[in-house]
2 protein chains.
Amino acid sequence: MATSRANEILPVLEQEIVTGSLKPGTRLDETILAEKFNVSRTPIREALNRLSASGLVEIRPRRGAIVAAISVQDLMNMFEVMADLEALCARLAARRISPAEKTALLDAHESCHALSGTEDFDEYYVHNLRLHDLLYKASHNNFLEKQVRELRHRLSAHRRLQVRIPGRILASSNEHGALVEAVIKGDAALAEKLTRDHVAIQGERFTDFLSTLPSHYLRASA
Amino acid sequence: MATSRANEILPVLEQEIVTGSLKPGTRLDETILAEKFNVSRTPIREALNRLSASGLVEIRPRRGAIVAAISVQDLMNMFEVMADLEALCARLAARRISPAEKTALLDAHESCHALSGTEDFDEYYVHNLRLHDLLYKASHNNFLEKQVRELRHRLSAHRRLQVRIPGRILASSNEHGALVEAVIKGDAALAEKLTRDHVAIQGERFTDFLSTLPSHYLRASA
DNA sequence: GAATCATTTCTTGTATACAAGAAAACATAT
DNA sequence: ATATGTTTTCTTGTATACAAGAAATGATTC
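The paragraphs below set out a description of the structure included in this document. (Residues numbered from 1 in each chain as written. Chains lettered and ligands numbered in written order. Predicted model: local features only at pLDDT ≥ 70, side-chain atom pairs only at ≥ 80, totals over all residues. Heavy atoms only, no water.)

**Notes on the sheet that holds strand β2 (residues 57–60) of chain A**
All names here are of chain A. Using the following cut-off: The pairing criterion is simple: DSSP has to find at least two bridges between the two strands. Strands are runs of DSSP state E lasting at least two residues, helices are runs of H or I lasting at least four, and both sets are numbered from the N terminus onward. Note on contacts: a residue pair is in contact if any heavy atoms of the two residues lie within 4.5 Å. The axes are straight lines fitted to the C-alpha atoms, using for helices just the contacting stretch, and the angles between their N-to-C directions are given from 0 to 180°.
With antiparallel pairing, the three strands of this open sheet are ordered in space as β1-β3-β2. Of all the strands in the sheet, just β1 (27–28) and β2 have a single pairing partner and so form its edges. In the sheet, β2 pairs with strand β3 (residues 64–67) via four bridges, with the strands oriented antiparallel. Across the sheet, Val57 pairs through a bridge with Val67, a residue of β3. The strands touched by helix α3 (residues 41–54) are β1, β2 and β3; relative to β2, the strand with the most contacts, the crossing angle is about 110°.

Put into structure tokens, the structure is as follows:
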């Protein structure tokens, strides 16, 4: 095998958490997981440790690991940071983007725009991701890129909650249009502002969002 | 013992890395560390795993762990993100700070200001830290606070590099004065801008900074 | 003498055995 | 019946033993 078993187990668990097949609060019994993966507890413990560092699982000393439960407060906080980091990406991208990256960005925007008349949220999600990814890359700050990716990954565990408002794809695509234009023009301040508004959950959209939350989000957590 | 041994070992190693008694690139042999701490390799491995997640240690599969080596590029990137996150703290603090927090902030600023005539960088560091900590808290975003703390902790491993320019304490303290005033007035945009300028490494200060770097920063890294 | 290949040694990664703390089950008393 | 205290059981945390890959050493060839 190219890599150790712990390194194989980690992404599988990660995926199960992110897709929601392992729900927040679920106990992650080391012995049971060891049987499931046909390994000893040792590599399981290693994987859990790393997942706890990335925030997806919570390890309570001597009391085992659970899938991290996130409160509404936590979610709001994380979105607030996410919006800011993405805005930083956009600001830097406006100053540093290369010609090749400009082409790719326009292409990704085209793909999004092509779906703007539809309500195909899943398909749109993919292209939307690609566009945002390109912006991270264009920031030419690897550390920032890694941080944003990690945070987005963590938030994606709660993507099921996403509000699917009719017409949202069109609106989002239009916001992208202005953003892409600002980045390509090199207008850093505008790119930053547009991204903040684009990512942030706010106003009536946030109210909608809250009303769709499953009950386990309404308890407090760390 | 109140906590497990791995949880005792971790902060010790962390401290040795942060203070620089373990230099970047140093191999962290599990067996040797196990002897040093009088434990088996198991808790050592756990501690190293967690340190790698926080970025202080780099684990190369099957090739052991080393103290993370950071390139100049990495440092610049991290400072760029740090400045932005602190600026976000300041912006949010300006909107959310409580009366009690205002008092504490003014007090911390007083402590800094009292040193502004001196060149006592170590003493200033402590009070400067307290002031910035209060700003993180006043953002009332726990996730953000945690992220900024973690990043600062990671950067503090390289604090030895800090340029100690004569008069810098006075300048810093003056910058604090304007920042504190903006936060207390509730001027979010100004607080944000002042913080960015305050934290960012830029202009001639950055040239000085570069010229003080030990050679191991000048190689490329991850 | 340099380069390449095999062998040995050393270190990491995993499995298993054991220790210790937490939760659960049970018994006793009020 | 509830509450408290004890015992048992179960799970995590650590130690040790073993397996497997990487680096180092040495042998062989050109």
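**Describing the state of the cysteines**
All names here are of chain A. Note the cut-off: The rule for a disulfide is simple: a pair of cysteine sulfur atoms within 2.5 Å. Each residue is assigned to one of three classes by its accessible area relative to the maximum for its type, calculated with a 1.4 Å probe on protein chains only: buried under 20%, partly exposed between the two thresholds, exposed over 50%.
Scanning the entire structure with this criterion turns up zero disulfides over all chains. Cys112 supplies the cysteine sulfur nearest to Cys89, a cysteine that is in no disulfide, at a spacing of 17 Å. Taking the relative accessible area as the measure of exposure, Cys89 reaches 1% and is therefore buried. Judged by relative accessible area, which is 0%, Cys112 ranks as buried.

**Comments concerning the protein's contact with DNA strand C**
So the rule is basically this: Residue proximity to a molecule or strand is established when one non-hydrogen atom of the residue lies within 4 Å of it. Polar contact criterion, stated in full: a pair of N or O atoms within 3.5 Å, where within protein one must be able to donate a hydrogen and the other to accept it, and residues adjacent in sequence count only if both atoms are side-chain atoms.
Not every one of the 17 residues close to DNA strand C is listed here, only the nearest: A:Arg5, A:Ser40, A:Arg63, B:Arg41 and B:Arg45. When atoms of DNA strand C within 4 Å of the protein are split into backbone and base, the sugar-phosphate part holds 73%. The contact in question runs from a phosphate oxygen of DNA strand C to an N or O atom on the backbone of A:Arg5, over 2.6 Å. A distance of 2.6 Å is found between a phosphate oxygen of DNA strand C and a backbone nitrogen or oxygen belonging to A:Ser40. When contributions to the surface near DNA strand C are tallied by element, the ones reaching two or more residues are α1 (5–18) and α3 of chain A together with α3 (41–54) of chain B.

**Section: the packing of α1(A) against α3(A)**
Residue and element names in this part refer to chain A. Applied cut-off: Reported orientations rely on four angle classes, namely roughly parallel under 35 degrees, roughly antiparallel over 145, roughly perpendicular from 65 to 115, and oblique for the rest. Each crossing is labelled by how the near helix is turned from the far one, with a counterclockwise turn of less than a right angle marking it left-handed and a clockwise turn marking it right-handed.
Close contact between α1 and α3 brings their axes to 9 Å; oriented N to C, the two are set at 50°. As far as their axial angle goes, α3 and α1 are oblique. Helix-helix and strand crossings are classified by hand; for α1 and α3 the assignment is right-handed. Contact residues: Ala6, Asn7, Ile9, Leu10, Leu13 and Glu14 in α1; Pro43, Ile44, Glu46, Ala47, Leu48, Arg50 and Leu51 in α3.

**Concerning the protein's contact with DNA strand D**
Selection criterion: As a working rule, the residues Ala, Val, Leu, Ile, Met, Phe, Trp, Tyr, Cys and Pro are called nonpolar, Asp, Glu, Lys and Arg charged, and the rest polar, with Gly in that last group.
Every one of the 17 residues lining DNA strand D counts as a neighbour, but A:Arg41, A:Arg45, B:Arg5, B:Ser40 and B:Arg63 are closest to it. Of what DNA strand D places within 4 Å of the protein, 73% of the atoms are sugar or phosphate. A:Arg41 has a polar side-chain atom sitting 2.7 Å from a base nitrogen of DNA strand D. Between a phosphate oxygen of DNA strand D and a main-chain N or O atom of B:Ser40, the distance comes to 2.6 Å. Among the elements of the structure, α3 of chain A together with α1 (5–19) and α3 of chain B are those that each provide at least two residues to the surface near DNA strand D. Grouping the amino acids of the surface near DNA strand D by side-chain chemistry returns four nonpolar, four polar and nine charged.

**Some remarks on the relation of the copies chain B and chain A**
The second copy of the chain is related to the first by a rotation about an axis and a shift along the axis. Using the following cut-off: To superpose the copies, least squares is applied to the C-alpha atoms of every residue with a pLDDT of at least 70 in both.
Superposition record for chain B on chain A: RMSD 0.1 Å, screw rotation 180°, translation along axis 0.1 Å. A rotation of that kind, with that shift, is consistent with a two-fold axis. Of every C-alpha in chain B, the one belonging to B:Ala53 sits nearest the axis of rotation, 2.9 Å from it. Interface overlap between copies is the fraction of interface residues in one copy that are interface residues in the other; for chain B against chain A it reaches 100%, indicating a shared surface.

**Notes on the interface of chain B and chain A**
By a widely used convention, the size of an interface equals the accessible area lost when the partners come together. For the record, the criterion: The quantity reported as buried area is the accessible area (1.4 Å probe) lost by two parts once they are put together, taken as the sum for both. A side-chain nitrogen of Lys or Arg and a carboxyl oxygen of Asp or Glu constitute a salt bridge if their distance falls within 4 Å.
Listed by partner, the interface residues are 26 residues for chain B and 26 residues for chain A. Taking both partners together, chain B and chain A bury about 2400 Å²; carbon and sulfur atoms supply 46% of that area. When the buried surface of chain B facing chain A is broken down by residue, B:Asn49, B:Glu80 and B:Phe143 rank first, second and third, together holding 23% of it. Between chain B and chain A we count eight salt bridges in total. A salt bridge links A:Arg45 to B:Glu46; its shortest N-O distance comes to 2.6 Å. The interface formed by chain B and chain A contains 16 residue pairs in polar contact (both at pLDDT 80 or more). Among the elements of the structure, α3, α4 (72–96), α7 (142–156) and α9 (188–199) of chain B are those that each provide at least two residues to the side of chain B that touches chain A. With eleven residues, α4(B) is the single largest residue contributor to the side of chain B that touches chain A. In terms of residue class, the side of chain B that touches chain A is made up of nine nonpolar, six polar and eleven charged.

**Things to note about unusual backbone geometry**
Residue and element names in this part refer to chain B. With a phi close to 60°, Asn38 is a non-glycine residue in the positive phi region. Looking at the element boundaries, Asn38 is found in the loop between α2 (30–37) and α3. Classification of Asn38 as exposed rests on a relative accessible area of 69%. Phi angles above zero are rare outside glycine, and His140 is one such case at about 55°. Relative to the elements of secondary structure, His140 occurs in the loop between α6 (121–138) and α7. Judged by relative accessible area, His140 falls into the partly exposed class, the value being 36%.

**Thoughts on the packing of α2(B) against α3(B)**
Two quantities define a packed helix pair, namely the angle between the axes and the distance from one axis to the other. All names here are of chain B. Interaxial distance between α2 and α3 falls to 9 Å at its minimum, and their mutual angle equals 110°. With respect to their mutual orientation, α2 and α3 come out roughly perpendicular. Viewed along their axes, α2 and α3 form a crossing whose handedness is right-handed. Each of Glu30, Thr31, Leu33, Ala34 and Phe37 in α2 lies in contact with α3, whose residues at this interface are Arg41, Ile44, Arg45 and Leu48. Looking at the contact of α2 with α3 residue by residue, the classes come out as five nonpolar, one polar and three charged.

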